[in-house]
Amino acid sequence: MRSKIPSFIIIPFFLSVIIFILYIFLGIDHRSYIVDPITIFFFIIITILLFILDTINNLIYRRKLKFLTEEERRKIFEEDEGNYFYRLYKFLFKNSKKMNQGVKKIDHGFDGIIELDNKLPMWWIHLFYTTIIFSAIYFFSYLFMDFSNPYKEYEIAYKNQLREIDIFEKKMPQITIENAFFNPKLIDSGKALFEENCSTCHQSDGSGNIGPNLTDDYWINIIEKDLFKNIFSIIWYGSKNNPTMRSFGQSGEIKGNDIHKISSYVYFINKQSKKPIKYKAPQGKKNMDWNKI
């Protein structure tokens, strides 16, 4: 009959196993344990059931002790001597004191050296077995599940990130033409978006390619009285005079907040004194009478 493992060890152990199974085999995110009331209720019920099972196990343990001989009970009580961590220590290192008792001697013969064939300590053997078990779990998890597979983990993390971005954008109000304004803090992020979405037609410095030069004072479309709002409006609604410039905002291809960043960058390169050395010839009408923002 084995000595009884205390409840403060066995209950957290089983809860950890349940969490491990939910995470590895069902792919449930650990953060759901905190925010989901159903999951919290589930773990409360499991904990209560584990306490009940531990109580029943304790009663059975005490009942079985009555049917053992005095020698068997004495042996169990000796094993249970001290707290659990002390007993665990004795279990791990129980043969350390007996290592040199009856040690086999290996005689090399030719060099006169006698080698002692000592037994490996228990902690080393347990650690070795643990690595084997861990490697087996890791290997099969890698082959048959998403766990431990870096490519699958990346794909899951990427999809979760896109979902979080989508939720964030839905909750966060988007900038519109009515409340758009030039923001110098958005120039750098606007430049990155401009190079990603607009540089094919306008070059990365805005000097123009298929599309017009954005750094001069000539404009094919003059819709608004304000320069910044005019830039925002063209990106949002597109160009009636140049169908190649499609409506990025109306079609939903680019969100309002990103158009706000791109407009800030275009406004910045249009207003700065240093212009590109090479640029496309002017197109449209010259307009110097923009209202200042």
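Parameters at a glance
Note on numbering: residues in each chain are counted from 1, in written sequence order. Local features are withheld for residues below a pLDDT of 70 in this predicted model, meaning they are given only at 70 or higher, and side-chain atom pairs are given and counted only at 80 or more; totals for whole chains, interfaces and linings count all residues. Each side-chain value is derived from all of the structure's non-hydrogen atoms; neither hydrogens nor water enter the calculation. What counts as an axis is a line fitted to C-alpha atoms, over the stretch in contact for a helix, and the angles between N-to-C directions run from 0 to 180 degrees. A run of H or I in DSSP counts as a helix once it spans at least four residues, and a run of E counts as a strand once it spans at least two, with each numbered from the N terminus. The cut-offs work like this: below 35 degrees is roughly parallel, past 145 is roughly antiparallel, 65 to 115 is roughly perpendicular, and the gaps in between are oblique. By definition in these notes, contact holds between two residues if any of their heavy atoms fall within 4.5 Å. Each residue receives one of three labels: charged for Asp, Glu, Lys and Arg, nonpolar for Ala, Val, Leu, Ile, Met, Phe, Trp, Tyr, Cys and Pro, and polar for the others, Gly being one of them. Side-chain rings of Phe, Tyr and Trp (the six-membered ring for Trp) are treated as a pair once their centres are within 6.5 Å; stacked means planes under 30 degrees apart, edge-to-face means over 60, and tilted covers the remaining angles. Residues belong to a common nonpolar core when they are buried Ala, Val, Leu, Ile, Met, Phe, Trp, Tyr or Cys residues joined through side-chain atoms within 4.5 Å. Three labels apply to residues, based on accessible area from a 1.4 Å probe with only protein chains included: buried if under 20% of the type maximum, exposed if over 50%, partly exposed otherwise in between. Every helix has an expected span of 1.5 Å times one less than the residues it contains. UniProt positions are given in the numbering used here, feature names are shortened, and annotations may be inferred rather than shown by experiment.

A. Spatial organisation of the packing of helix 8 (residues 187-197) against helix 11 (residues 256-271). At a minimum axis distance of 7 Å, the contact between helix 8 and helix 11 shows a crossing angle of 100°. Compared by their axis directions, helix 8 and helix 11 come out roughly perpendicular. Mapping the contact onto sequence places Ile 187, Ser 189, Gly 190, Lys 191, Leu 193 and Phe 194 in helix 8 and Asp 258, Lys 261, Ile 262, Ser 264, Tyr 265, Val 266 and Phe 268 in helix 11. Here the residues of the contact of helix 8 with helix 11 sort into 7 nonpolar, 3 polar and 3 charged.

B. Layout of the packing of aromatic side chains. Applying the stated criterion across every chain, the model contains 9 aromatic pairs. Taken together, the ring pairs in this structure connect Trp 124, Phe 128 and Tyr 129 into an aromatic cluster.

C. Quick peek at the nonpolar core. Counting residues in each nonpolar core, the largest one holds 25 residues, and the members touching the most others are Phe 194, Ile 231, Ile 235 and Ile 262. Mapped by element, the contributors of at least two residues to this core are helix 8, helix 10 (227-237) and helix 11. When neighbours within four sequence positions are excluded, Ile 262 is seen to be in contact with Gly 190, Leu 193, Phe 194, Cys 198, Ile 235 and Ile 254. Grouped together as the second largest cluster of nonpolar side chains are 6 residues, Ile 11, Leu 15, Leu 22 and Ile 46 included.

D. Structural context of helix 11. For helix 11, which comprises 16 residues, the first-to-last C-alpha distance of 22 Å matches the rise-based estimate of 22 Å (1.5 Å per residue) to within 8%. Those residues of helix 11 that fall on the buried side of the exposure criterion are Gly 256, Asn 257, Ile 259, His 260, Ile 262, Ser 263, Ser 264, Tyr 265, Val 266, Tyr 267, Ile 269 and Asn 270.

E. Quick peek at the UniProt feature "transmembrane region" (unreviewed entry) in the protein chain. According to UniProt, the positions carrying the feature "transmembrane region" (unreviewed entry) are residues 7-26, 38-56 and 123-145. Between the end C-alpha atoms of residues 123-145 the distance is 31 Å, and the span holds 96% helix and 0% strand.

F. Here's a closer look at helix 3 (residues 37-65). Helix length check: helix 3, at 29 residues, gives a terminal C-alpha distance of 42 Å against a target of 42 Å (1.5 Å per residue), a fit within 8%. Restricting attention to buried positions, one finds in helix 3 the residues Thr 39, Phe 43, Ile 46, Leu 50, Asp 54, Tyr 61 and Leu 65.

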